[in-house]
Amino acid sequence: MKAEEVMLTIGEASARSGVSAKMLRHYESLGLLPRVARTEAGYRLYGEREVHTLRFIRRARDLGFSIAEITELLKLWQNRRRASSEVKRIARAHIADLDRRLAEMQAMKRSLEVLTSCCHGDERPDCPILEQLAGEGPKANPAKAGLRD
């Protein structure tokens, strides 16, 4: 005889999974989480399977995977006949995207360092940071300001 599964409210599922109730509803609306049972009053009820899926989604989001990537990863996770090469392909593509974004952020940081080094930061109204943002000032050049990696 199979023990009856304990059903959890949205608040309980949220607490157990570490996913906010708002995001839980959002993931359900996106199809990442299947539609769940409801009480006669319309309240959602979650089982351990859904909580486990929510934890998977939360960990994937913590690693920065997009919703599209998580959708693919969930399908692979739920398919016992999957090829691990597909999972690795998704992870490698995500690493490449992270590398690209890190390089962009490092370039932004260098530009801001140049601009802040050119700003007097005193009572004068002249400000190269604002001029650059307005498209009126010279482009920030880290080499000219003596800033290098």
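Caption draft 1: Just the pattern of salt bridges, in detail. Using the criterion set out here, one finds 11 salt bridges in the structure. A salt bridge links R44 to E28, with the shortest nitrogen-to-oxygen separation between them at 2.9 Å. Note that R44 is positioned in strand β2 (residues 44-45) and E28 in helix α2 (residues 21-30), a separation of 16 residues in sequence. The same class applies to R44 as to E28, namely buried. Each of D97, R100, R101 and E104 takes part in salt bridges that share partners, so that together they form one network.

Caption draft 2: Structural context of the packing of helix α1 (residues 10-17) against helix α3 (residues 48-62). Across the interface, α1 lies against α3 with an axial gap of 9 Å and an inter-helix angle of 45 degrees. In terms of their interaxial angle, α1 and α3 are classed as oblique. Considering only the axes of α1 and α3, their crossing is right-handed. Residues A13, R16 and S17 of α1 touch α3, and the partners they reach there are E48, V51, L54, R55 and R58. The residue inventory of the contact of α1 with α3, partitioned by class, reads 3 nonpolar, 1 polar and 4 charged.

Caption draft 3: Representation of α1. If you check which residues of α1 are buried, you get I10, A13, S14 and S17. The arc that holds the buried residues of α1, viewed along the axis, is 100 degrees, so those residues lie on one side. Buried residues belonging to α1 abut α2, β2 and α3. Of the residues flanking the end of α1, it is G18, one or two places downstream, whose phi is positive at about 80 degrees.

Criteria and thresholds
- Residues numbered from 1 in each chain as written.
- Predicted model: local features only at pLDDT ≥ 70, side-chain atom pairs only at ≥ 80, totals over all residues.
- Heavy atoms only, no water.
- Salt bridge = Lys/Arg side-chain N within 4 Å of Asp/Glu carboxyl O.
- Helix = DSSP H or I, 4+ residues; strand = E, 2+ residues; numbered from the N terminus.
- Buried < 20%, exposed > 50% of the residue type's maximum accessible area, 1.4 Å probe, protein only.
- Axes fitted to C-alpha atoms, helices over the stretch in contact; angles between N-to-C directions.
- Parallel < 35°, antiparallel > 145°, perpendicular 65-115°, else oblique.
- Left-handed = near helix turned anticlockwise from the far one by under 90°.
- Contact = heavy atoms within 4.5 Å.
- Nonpolar A, V, L, I, M, F, W, Y, C, P; charged D, E, K, R; others polar.
- Arc of directions from axis to C-beta.

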